Amino acid sequence: MKIIFLAFFSLLMLNCARPNFKDMALLDPNKKLENCSLQFSNLKTCLQVQWETPPTTKAYSSLILNFIDAQGEGVDLETLHEAQLKVILWMPSMGHGSSPTKIEKLASGSYRISRIYFIMPGDWEIRFQLSKDTQLLDQEKIELILK
Amino acid sequence: MKKAFLFLILCYSEMILAAACCGGGSSNTAVITNDDKAQFSTTLSQSQVQIDVDSQGVWSHRQTKETTKTLQLEGAMIFKDRFQAGLSVPVIERTRETQSSRGLGDSTLQMGYEYLTNWDYHPWKPRAVGYLTVVVPTGRNINEATQEGLDARGKGFWSLGVGTIFTKIHRAWDFSAQFDIHKSFEKKIQRGDESLQLTPGQGGQASLGAGYNFARWRWGFALSWIYEDPLITEGLTKDTSSAERYTTATASVAYMFKDEWGGVLSYSDQALFGDPLSTTLSKSVSLRMSYHWFR
């Protein structure tokens, strides 16, 4: 009986959790993207991203997207590339996303992305997909770590 | 003998449903490990997410309040000598700050067989029940959820499992060990206008428990280690998540009101033991009431 106790107690002690807490700083996506760092190489289009409402896990956020060409002119995705824009929130480590975002066209090449909701803290990707029917033409993403 | 009986009635309530990331959890089993003809139990539990753990094993405190209330109904009955069948159905309410969603979680059907009996009261040989489980995806996978993930109340996959429970009583002490593995099956879902194929893998659970019995009381402790393979998601792109693992520690106190009735109060913590990965860690309190029909 003593051996069983000892074995059980040893197993408990060996298995104690070793928390590895780290302060997850919120990355500033505006800083990363201010010079049009998202390049859709297949479509030769640049994407400027600006947070209208900053990202958080407590409320909806929104983005303003501007697709521009080398001359800085707005690129009309539908007429020029027959491309449809999708914006997907994805948590790569957990293997899931969030509820669908809402895309509203403001002008040629300009969109407001609303209903962005990060359902939990952690590592997230915002994926900007340009597709035609079921074919993915191009994709870029920004990465965030949310507290 | 009463102590032994108390253990057999109450010990498995320790191995309570452990909430994992995003509404999913390990399947629960309703296995008869004593001389009952049938048993029925209801468990009310409340858990709150405390910590998020990423794929690198880095922990961060959860700053939004997210709670899960679960009402679990379980029944099992012997239908032929050493064969048994059981059913477990959870109703889950998930709340994040002020929003909530309620509905069925994943249900579990099972068939068991007592392959090691204790008819001769052997001094060291345990009693053992083997079982097969089928998880019915009455809950929703998080990739199917529409209410900002709140309506994710299960893994959402058909799943087949096999497991075994060993029990042994020594004087006022009791010991138990449970092992099971399962294979979940792929499914196709529609997310917006995109068709997604979700391919889960295998998973498993190992639990060890011990308890001390006196009069009509029992004090118990159990540890459960849970592992799930990465999930592969294929749509316009293909993604493979990280494997998920966590350890649930549970302390419980049980009281047998009458010979047929028992109650268990349990506290579970997922942040005390193990080396968790890609999961959320919660603290839970649960109350279980059970009724037993004797052979």
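As the structure is a prediction and not an experimental result, all values here were calculated from the model.

## A short note on the confidence of the model for chain B
So, step 1. Across chain B, the average pLDDT comes to 89, with 90% of residues at 70 or higher.
So, step 2. Under the prediction, the complex receives an ipTM of 0.79, its pTM being 0.87.

## A few points about the nonpolar core
So, step 1. Core analysis: the biggest nonpolar cluster contains 35 residues, and A:Leu65, A:Phe67, A:Ile126 and A:Phe128 have the highest contact counts within it.
So, step 2. Residues B:Val53, B:Tyr246, B:Ala271 and B:Leu281 belong to the second largest nonpolar core, which totals 8 residues.

## Focus: the pattern of salt bridges
Two side chains that carry opposite charge are able to pair once their charged atoms sit near each other.
So, step 1. Per the counting criterion, the structure on display carries 25 salt bridges over all chains.
So, step 2. Notably, a salt bridge pairs A:Lys105 with A:Asp76, separated by 3.1 Å at the nearest N-O pair. Taken together, the residues span a long stretch of sequence, with A:Lys105 in strand β6 (residues 102-107) and A:Asp76 in the loop between β3 (61-68) and α3 (77-81) at a distance of 29 residues.
So, step 3. By relative accessible area, A:Lys105 is classed as partly exposed at 40%.
So, step 4. Judged by relative accessible area, which is 16%, A:Asp76 ranks as buried.
So, step 5. A salt bridge links B:Asp174 to B:Arg218; its shortest N-O distance comes to 2.7 Å. Of this pair, B:Asp174 sits in strand β9 (residues 173-184) while B:Arg218 sits in strand β13 (residues 217-228); the two residues are 44 residues apart in sequence, bridging distant segments of the chain.
So, step 6. Relative accessible area serves as the criterion here: at 0%, B:Asp174 is assigned to the buried category.
So, step 7. The exposure class of B:Arg218 is buried, given its relative accessible area of 1%.
So, step 8. Shared partners join several salt bridges into a network, and the residues in it are A:Glu125, A:Arg127, A:Lys141, A:Glu143 and B:Asp239.

## What about the interface of chain A and chain B?
Size of an interface: often given as the accessible area lost when the parts come together.
So, step 1. Counting from both sides, the interface comprises 42 residues of chain A and, opposite them, 49 residues of chain B.
So, step 2. When chain A packs against chain B, the two sides together hide about 3900 Å² of surface, and 64% of this comes from carbon and sulfur.
So, step 3. Scanning the region where chain A abuts chain B turns up 10 residue pairs in polar contact (both at pLDDT 80 or more).
So, step 4. Only α1 (2-14), β4 (84-91), β5 (96-97), β8 (122-132) and β9 (135-146) of chain A provide two or more residues apiece to the side of chain A that touches chain B.
So, step 5. For the side of chain A that touches chain B, the class distribution of residues is 21 nonpolar, 14 polar and 7 charged.

Quick notes on the rules
- Residues numbered from 1 in each chain as written.
- Chains lettered and ligands numbered in written order.
- Predicted model: local features only at pLDDT ≥ 70, side-chain atom pairs only at ≥ 80, totals over all residues.
- Heavy atoms only, no water.
- pLDDT = per-residue confidence, 0-100.
- Core = buried A, V, L, I, M, F, W, Y, C linked by side-chain atoms within 4.5 Å.
- Buried < 20%, exposed > 50% of the residue type's maximum accessible area, 1.4 Å probe, protein only.
- Salt bridge = Lys/Arg side-chain N within 4 Å of Asp/Glu carboxyl O.
- Helix = DSSP H or I, 4+ residues; strand = E, 2+ residues; numbered from the N terminus.
- Contact = heavy atoms within 4.5 Å.
- Buried area = accessible area lost by both parts, 1.4 Å probe.
- Polar contact = N/O pair within 3.5 Å; in protein donor to acceptor, adjacent residues only side chain to side chain.
- Nonpolar A, V, L, I, M, F, W, Y, C, P; charged D, E, K, R; others polar.

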